Structures are given as structure tokens and as C-alpha cells.
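Reading the structure
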Amino acid sequence: MKNMVQSKMFRVLIGLSSSKLKEEPLLMGSQEIFENGFSGTIKPLDPEEFRRQGHLVIDFLADYYKNVEKYPVRSQVEPGYLKKRVPGSAPYDPEPIEEILCDVKKDIIPGLTHWQSPNYFAYFPSSGSIAGFLGEMLSTGFNIVGFNWMSSPAATELESIVMDWLGKMLKLPEEFLFSGGGGGVMQGTTCEAILCTVVAARDQMLKKIGRDEINKLVVYGSDQTHSATQKAAQIAGINPENFRAIATTKANAFGLTAQALRETIESDIESGLVPLFLCATIGTTSSTAVDPLGPLCDVAKEYGIWVHVDAAYAGSVCICPEYRHFLNGVENADSFSFNAHKWFLTTLDCCCLWVKNPSALVKALSTYPEYLRNKASETKQVVDYKDWQITLSRRFRSLKLWLVLRSYDVANLRKFLRSHVKMAKNFEGLIGMDKRFEVVVPRNFT
Ligand SMILES: *Cc1c(COP(=O)(O)O)cnc(C)c1O
């Protein structure tokens, strides 16, 4: 039976004509297969059972949010707590959802750090929302695997549309949008987005100077740059000695100066190295410092360096006109990313990445095995996002961002972001009046 399913699947994926499909309806769910002689086994997609259990889970989560402030924000458990509470092997017989949810309450919730609690102030925000959760549900509920256009046209097309919407909201230059020859893609996280851009830049450069020269490539950031860039360089095979974390100072509000960048580049060139990639940050992780994009891009351009702008956290607020100036200079960068899963009401994971030159990404990341061949791709009518990222399989992430944008609209999102900044300003004022505390870096955002 399994072989039959697989071979039918295979034929659909490689693109049977629709008339053939009609004769032989394939998308026979597992339910039907089970009913045809496997009665008594599970029905993993029984619609009525899904409805019943799904409602229970929604109610469970609604109660969780109602009570979330009753929990200590930080989990109080000791390492290894769960092993003592959960059996050592999987059950042999089924357990009802009611019982499982009881255990979630009893054993899992105590081990949660409550990121969505109003009393949570650690790291960066991870703002969930009803629209975000529901979008996630739809995406998970359809459970499509949208590696290329054909494997689910809506997933690809909605993603491109939402990325253009967002790009316009951020007033990104036209070259980053599909209409301007660039384009956007939703990655899981910033770490993946930066890795993909480093790899694109690397291959572009090595094509020019020869693959044997990889040991000469240098990647630049500041001592405030997120470790994602160093990790990306490491994975991309950049010589570990050639990652530069250029020193910043309090006098420059911990921003990377163009002068420091230039000096570092000059000294590398003198040593016979090849400058490759700069990650500039809008809103660094330790202090939300802002690197001056304009001057940095000017320097980078002189030396042919790929500039990626990492606005993982602070990018969201740049949809407000009064904060857009933080992105000034992005027009001379090569790629830009921000995490909608941080401060944009969208659930993890959702990193939005735009590039001016998608073909650099595609050249570095595309493969085209026989089983993925199809007419739409071959005639270049479509975007195949598998070639813009590390993995083949990909989620329908745009659905959740689409729901967020439609449910809250631009005006409300701006209000939401501004309200956070206002709270931070108030807090800053209180600290300023209290001799025990000192504000050590300028508060740019929240
Ligand atoms: C959060 C953050 C990252 C890492 O984001 P992931 O999505 O977890 O990879 C990188 N850079 C900055 C500036 C961040 O704030």
C-alpha cells in the first residue's frame, strides 16, 4: 500500500496532466486508504475529530492566556525535571487528548518561560497575536510543502506579494521589490538569512577570484554585531581568522564608524586579503545601537563588499515614518532583513529577507534534480523559493504575516509599535529620576 501511495504521489509531483488526474484521483487521503480495508486503525485527518480536539486546544490556550500572569515568568524547574514526570518510552495504547492536555498543564507549563506574559522583559520581545496564531494554524492545518511554485502555487505567490507589501511599508527602495528586479523571501530566522547572503556573496566573489582563494575572504561586523554573522561565516567556510568584530565606542553610541571600517579593510588588503561581506545592524542585540548605513555602504561600495543590513528587532518600527530615517542608506546595501517574529505580532519563525539581486542567491543555492523538474520552473515564469534558502522543504509562512497585516492594518501596527516606544520612554524618565540607576546607552527604540 505504501508503494502505491508513493508512486501516485510521485506522479502528481512530477506533473501529470489534469485529465489523467481525473481518471485516477490520487489525493486519496490516508483516511480513505485506512477505510479501504484498514478499519480500526487511526484516522489522522478525520474532520469531525479534528474539529472536536481542535476546539479543546483553542479553549486550553485561551485559558492559558487568561491566566498567564499567574505563572512565574521564568520557569522554576531544575534541569532534568521532565524526565522524572514523563514515562521513559512512548505509550503502546492511545491516550485521549483530554488526558494529554492535563499533562501539558501539569508537566509542560511549569517548564515554560512565559514569553507572552505582560511581565516578560528578557531578551527581545516575541510578540504573538490572535492573527499570528490563526495564520500559523491555517499554515499548519494545510501542511503543504511549498518548495517550488508548483508544489503549492499559493504559498509562493502569497509570499512574494506579502514581501512586496512589507517592503513598501518599510519604504525599501524599489530594487528590493520584485517589481524592481529584486525580491523578498521568508526565512526561518535571521541566522539563516545571513548565512544565505554570505554564501551568495562568497560565490559571487570566488567566481571572480577563483575558488582556491576562499581563505582570503574577510567578513566584517562590529563588536556589537549579532553572533549570527560569525556563525554564518563559519558555516560558509570563511577562514575563522578572517572574521572582524571591529571595536565600537560609547562615544559613538556603539555604532560602527565608517572610518574604523575603512582602516580595517585597508589593513586587510595590505595583508593580501579580500574584503567580502559587511553586516551592518539597525538595533544591535546588546544595546539597540544603530550603525550608520549611508557612510558604511559608501565605504563598502568602494571595495566591492556585499552589505547586509540586519534589523532583526528594530526593523518593525521603521514602518512608522518618524523612525524610517534609521534605514537611510539602505538603498546602497545588497540585502536587508528583519524578524517579523520579534516585534511584529507574528509567531516564530518568520524572518523577512530582501535582496537586490536574487540571482546571486539562486546561483549559490539552487539545485535541480529530475524529480523537481516542471514546466513553470523551466520556462522561468515563477519563483522557486527552494533556491533562495538552505532547505528544500518550506512552510507556508506568508499566511500568518498576511493575516497579521490584514487583521491589524498599517495604522494599527504603527500604533502598537509606538505604544511600546512610549512605555520605554516613560521608563527611561523614571530611571533618570532615580539616583541608583544610569542610562548607559541612548534609547533608540524600546
Ligand atoms: C534576534 C537577532 C538576531 C538573531 O535572530 P534569529 O532569528 O534568532 O536568528 C540577529 N540579529 C539581531 C540584531 C537580532 O536582534
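One can find the structure itself at the top, above this paragraph.
Residues numbered from 1 in each chain as written. Predicted model: local features only at pLDDT ≥ 70, side-chain atom pairs only at ≥ 80, totals over all residues. Heavy atoms only, no water.

Further remarks concern the pattern of salt bridges. Per the stated rule, a full pass over the model turns up 23 salt bridges. The partner of Asp-203 in a salt bridge is Arg-202, with the nearest N and O atoms 2.8 Å apart. Each of Glu-136, Asp-349, Arg-395, Arg-397 and Lys-400 takes part in one network of salt bridges that share partners. (Salt bridge = Lys/Arg side-chain N within 4 Å of Asp/Glu carboxyl O.)

Within helix α9 (residues 227-235), burial applies to Ala-228, Thr-229, Ala-232 and Ala-233. Angular distribution of buried residues about the axis of α9 spans 135°; they occupy a single face of the element. Facing away from the buried surface of α9 by more than 90 degrees, the exposed residues are Ser-227, Gln-234 and Ile-235. On the buried face of α9, the contacting elements are α8 (190-209), β2 (217-222), β3 (243-246) and β4 (274-281). In the segment just after α9, Gly-237 is the residue with positive phi, at about 80°. (Buried < 20%, exposed > 50% of the residue type's maximum accessible area, 1.4 Å probe, protein only. Helix = DSSP H or I, 4+ residues; strand = E, 2+ residues; numbered from the N terminus. Arc of directions from axis to C-beta. Contact = heavy atoms within 4.5 Å.)

So, about the site of the ligand. Around the ligand sit 14 residues, and of these Thr-190, Cys-191, Asp-310, Asn-339 and Lys-342 come closest. One of the backbone N or O atoms of Cys-191 is found 2.9 Å from an oxygen atom in the ligand. At 3.5 Å, a side-chain N or O of His-341 approaches an oxygen atom of the ligand. Starting from 390 Å² of accessible surface for the ligand in isolation, the protein chains cover 87%. Those elements that provide at least two residues to the shell around the ligand are α8 and α12 (340-343). Looking at the shell around the ligand residue by residue, the classes come out as four nonpolar, eight polar and two charged. (Near = heavy atom within 4 Å. Polar contact = N/O pair within 3.5 Å; in protein donor to acceptor, adjacent residues only side chain to side chain. Areas by Shrake-Rupley, 256 points an atom, 1.4 Å probe, with all protein chains shown as cover. Nonpolar A, V, L, I, M, F, W, Y, C, P; charged D, E, K, R; others polar.)

Here we take up the environment of Leu-399. Relative to the elements of secondary structure, Leu-399 occurs in helix α15 (residues 398-432). For Leu-399 and Glu-159, which are 240 residues apart along the polypeptide, the C-alpha to C-alpha distance reads 7.8 Å. Leave out the neighbours within four places in its chain, and Leu-399 touches Gly-135, Leu-138, Ser-139, Phe-142 and Leu-158.

For the coordinates displayed, the defined rule picks out zero disulfides. With no disulfide of its own, Cys-320 has Cys-318 as its nearest cysteine by sulfur position, at a separation of 8.4 Å. (Disulfide = S-S within 2.5 Å.)

Taken together, seven strands build an open sheet; the order of strands is β1-β7-β6-β5-β4-β2-β3 and the sheet is mixed. The two strands at the open ends of the sheet, each matched to only one other strand, are β1 (183-187) and β3. Each neighbouring strand pair of the sheet contributes to a mean axis angle of 20°, computed without reference to strand direction. In this sheet, β4 lies alongside β2 in parallel orientation, the contact comprising four bridges. (Pairing = 2+ DSSP bridges. Axes fitted to C-alpha atoms, helices over the stretch in contact; angles between N-to-C directions.)

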